[in-house]
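Architecture at a glance
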Amino acid sequence: MKSLKYLEHYPEQIKNQVRFLIEQEKLDKYLLSKYPKAHDIKSDKALYDYTIELKNSFLKKSLPLSKVQYDGKINVINDALGMHTFISRVQGGKLKSKNEVKIATIFKNSPEEFLRMIVVHELSHIKEKKHDKAFYKLCTYIEPNYHQYELDLRIYLTYVERFSKLYF
């Protein structure tokens, strides 16, 4: 059986449960029972609006976002699910800065909970740069189910890698 690369840092018990679901050909049923449909946030504009609404609800005083978009190159180039970039440039005598969030296009056709988890993760990088305790505390402040969504998202990626898309 293929390795479970998206779950390699999880306990063996969880990996065994996923292996069992794969062997029983029930991994899709598990995912669809918890997350029956994909979200409707398909355009970059809708993604921007969705992200800004979350940011304004939880990170009002943080730096503004200049761009939010889906990016088809993220998985291939960076082996990542989303990216947050902060760019500072000197223009004239002023320092201009931009925060940008890019989300892998695989999440255009996924449950809203998975998209939310990725957006929360990238927004949290505005305040906390490292993946440390403070970072994950902020993630769970914004989305209390953050860790469950992350696990299920990794199970979803395992399904997609082995079989195909689940949501269209």
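In what follows, the structure referred to is the one given above.
Structure report, in brief. (Residues numbered from 1 in each chain as written. Predicted model: local features only at pLDDT ≥ 70, side-chain atom pairs only at ≥ 80, totals over all residues. Heavy atoms only, no water.)

Bringing the pattern of salt bridges into the picture now. Between side chains of opposite charge, a pair can form as their charged atoms come close. Overall, the coordinates contain 8 salt bridges when judged by the stated rule. Ionic pairing is found between Lys34 and Asp152, a salt bridge with its closest N-O pair at 2.8 Å. Separated by 118 residues along the polypeptide, Lys34 in helix H2 (residues 27–34) and Asp152 in helix H7 (residues 146–162) bring together distant segments of the chain. Lys34 sits in the partly exposed class, given a relative accessible area of 34%. Put simply, Glu150 and Arg154 hold a salt bridge, and the shortest N to O gap is 3.4 Å. With Glu150 and Arg154 both in helix H7 and 4 residues apart, the pair spans about one turn of that helix. (Salt bridge = Lys/Arg side-chain N within 4 Å of Asp/Glu carboxyl O. Helix = DSSP H or I, 4+ residues; strand = E, 2+ residues; numbered from the N terminus. Buried < 20%, exposed > 50% of the residue type's maximum accessible area, 1.4 Å probe, protein only.)

A few words now on the environment of Asp44. Its location among the elements puts Asp44 in helix H3 (residues 44–58). On the accessibility criterion, Asp44 (34% relative accessible area) is partly exposed. Separated by 58 residues in sequence, Asp44 and Lys102 place their C-alpha atoms 9.6 Å apart. For Asp44, the residues in contact, after removing those within four places along its chain, are Val68, Gln69 and Tyr70. (Contact = heavy atoms within 4.5 Å.)

A separate point is the nonpolar core. Ranked by size, the top nonpolar core spans 46 residues in total, and within it Leu47, Ile103, Phe107, Leu115 and Val119 carry the most contacts. Among the secondary structure elements, those contributing two or more residues to this core are helix H1 (12–23), H2, H3, strand S1 (65–71), strand S3 (94–104), helix H5 (112–127), helix H6 (133–142) and H7. (Core = buried A, V, L, I, M, F, W, Y, C linked by side-chain atoms within 4.5 Å.)

Let us look at H7. Here H7 is 17 residues long and its end C-alpha atoms lie 24 Å apart, about the 24 Å a rise of 1.5 Å per residue gives. Of the positions making up H7, those classed as buried are Tyr146, Tyr149, Glu150, Leu151, Asp152, Leu153, Ile155, Tyr156, Leu157, Thr158, Tyr159 and Arg162. Looking at the buried side of H7, the elements it contacts are H1, H2, H5 and H6. (Expected span 1.5 Å × (residues − 1).)

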